[in-house]
Structures are given as structure tokens and as C-alpha cells.
Amino acid sequence: MNKAKFSSLSLPQNLLSNLDSLGYHSMTPIQAESLPAILDGRDVIAQAKTGSGKTAAFALGLINSLNPRWFGVQALVLCPTRELADQVAQEIRRLARAIDNIKVITLCGGTPMAPQRASLEHGAHIVVGTPGRLQDHLFRESLNLSGVKTLVLDEADRMVDMGFIEEIVGIVRACPRQRQTLMFSATYPDNIRKLAEQFMKNPQQVKVESLH
Ligand code: ADP
Ligand code: MG
């Protein structure tokens, strides 16, 4: 139905060639609807079903606004579970391989803190993690979010259902006010709407029903 090409977006050639080599020839509907606003730096709330390609939508946005020469955390992605965080980090790495030396790390519970602290000390551009562990790192001052340009709340409805609201609020407050916030959710109930009102600036709302 929707056959919009990635090349219609203002993305650098190295990212476009990499998308092609991954077999991403045309955008999925949620990508076509959200990417122009995301690449424009706007806050976006995107609602779409599982499997619709939401990861690449936000990943291309945050990769495109990275400064590869500065090894500080510039993008933070919050996910409800470790499995999802691992999947998201893997997809970001595939999309970011067009750029040299982009470091993506995951910070999730169930593994020791020390190696995560060491990775942070070595420097990372992008952090993907679960709210509880991210909050732990903030408390222990091993995570500095003052350089975050893009904040992503992935599967926001699930994170809230799992009771992560307080952690999310704390993490968002540790990010600069001047930032881009992207929220992805399969559903958009009142509590998610409130969260969006609290954290986002004039967000563009995008909703896609079909998968392809
Ligand atoms: P969601 O987060 O919406 O559940 P994902 O981001 O996990 O979906 O994407 C689902 C699958 O679609 C992944 O395997 C991903 O590699 C693939 N995919 C995403 N965008 C495209 C695209 N434009 N063309 C082809 N495959 C894509
Ligand atoms: Mg997803």
C-alpha cells in the first residue's frame, strides 16, 4: 500500500546505502508517517502494532543527530524488558554500522553493575535500558544524562503497566529539558496521554492501523 522510499528523507548517503544493504527498501507505514517529523527534530507519539518497524523509526532519528566524535551519552532508549532492550540495541547497531565507532550499550537488571559501569566509563553514544537499572545507575552517579539529545520511551504502555512510572519520571528529569522526546506505544490510554503531556513539547501524533 505505502511504498515510500527512504531516499525521500533527508538522510546521509551512508545511512541510505546501509538501509539498502539490510533489505530495507521502502518504509513501513509507521516509518513513513513518523520519520519526516522525527528527522525534523519534533517530539512524536507513535502508535502502531508490534512488528510494524517502530525501532528503525526512532533509531534513524537518534543516529542522525549523533555526534560520533563525542563519546558521551546522546541518546537514551527506555524499554520494558531486558529482551526488548537487547533487540532494540541490536537493531540500532545494525542501522548505525554505516558510521564508524558508534558505541551502543544496554543497561538492564539481572547482570552485575560493575561491567556496566566500566562500559559507561569507556564512553557510549547510545544507551538502551530498563527503567529500574537506569535509575540505579543514576543514583550511583555512574550514568550522566546531561548530554542526551534524544529520549525514547519504547513500549510506553507496557512500561507503565509494569509499574515503572516513578522510575520513568526520575530518568526523564535527569535528561536536559532541551531534547527531543519520542514515545512509542501500541495503545494510548489516559495514563500514557498524561505522561506525554508532562514530558513532551507539542508532539506530533501518528497512528497507523495496518502493518504493511
Ligand atoms: P516493532 O517495534 O514495531 O514491533 P520492529 O522494529 O521490531 O517492530 O520491526 C519488526 C521487523 O521488521 C524487524 O525484523 C525489522 O528488521 C523489520 N523492518 C523494519 N523496518 C523495515 C523496513 N523498512 N523494511 C523491511 N523490514 C523492516
Ligand atoms: Mg518495538
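Not measured: the values here are computed from a predicted model. (Residues numbered from 1 in each chain as written. Chains lettered and ligands numbered in written order. Predicted model: local features only at pLDDT ≥ 70, side-chain atom pairs only at ≥ 80, totals over all residues.)

Some remarks on the UniProt feature "short sequence motif: Q motif" (unreviewed entry) in the protein
For the record, the criterion: UniProt positions are given in the numbering used here, feature names are shortened, and annotations may be inferred rather than shown by experiment. In this text, helices come from DSSP runs of H or I with a minimum length of four residues, and strands from runs of E with a minimum of two, each type numbered from the N-terminal end.
In this numbering, the UniProt entry assigns the feature "short sequence motif: Q motif" (unreviewed entry) to residues 4–32. Between the C-alpha atoms that bound residues 4–32 the distance is 6 Å, and the span itself is 45% helix and 0% strand.

Some remarks on helix H5 (residues 113–122)
Here is the rule we go by: Exposure in this text rests on C-beta crowding, where 20 or more other C-beta atoms within 10 Å of a residue's own make it buried, 12 or fewer make it exposed, and counts in between make it partly exposed. The C-beta atoms are placed from the backbone.
Little of H5 is tucked away: one of the 10 residues are buried. Directly beyond the C-terminal end of H5, a positive phi value near 105° is found at Gly123.

Focus: the site of ligand 1
The condition that has to hold: What makes a residue near a molecule or strand is its C-beta atom, placed from the backbone, lying within 6 Å of it. Residues were grouped as follows: Ala, Val, Leu, Ile, Met, Phe, Trp, Tyr, Cys and Pro as nonpolar; Asp, Glu, Lys and Arg as charged; and all remaining residues, including Gly, as polar.
Around ligand 1, a shell composed of 13 residues is seen, among which Tyr24, Thr50, Gly53, Lys54 and Thr55 lie nearest. The biggest single contributor to the shell around ligand 1 is helix H3 (residues 54–64), with three residues. Taken together, the residues of the shell around ligand 1 break down into four nonpolar, eight polar and one charged.

Some points on the pairing of strand S2 (residues 75–78)
For clarity, the threshold we go by: When DSSP finds at least two bridges between two strands, those strands are taken to pair.
Burial along S2 is two-sided: the face carrying Ala75 and Val77 and the face carrying Leu76 and Leu78 are both buried. With four bridges connecting them, S2 and strand S4 (residues 126–129) associate as parallel partners. Note that in S4 the partner of Ala75 across the bridge is Ile126. Two elements, S2 and strand S5 (residues 150–153), share four bridges in a ladder whose sense is parallel. When the sheet's bridge partners are listed, Leu78 is paired in S5 with Leu153.

Digging into the sheet that holds S2
Through backbone hydrogen bonds, the strands of a sheet pair up, either in parallel or in antiparallel fashion. Filter applied, for reference: Each axis is a line fitted through C-alpha atoms, taken for helices only over the stretch in contact, and angles between the N-to-C directions span 0 to 180 degrees.
Pairing is parallel across the open sheet formed by seven strands, whose spatial order is S3-S4-S2-S5-S6-S1-S7. What marks the edges here is a single partner per strand, and that holds for strand S3 (104–107) and strand S7 (204–207). Pairwise comparison of adjacent strand axes, ignoring direction, gives a mean angle of 15° for this sheet. Bridging between S3 and S4 involves four bridges; their strand directions are parallel. Bridge pairing in S4 places Ile105 opposite Val127.

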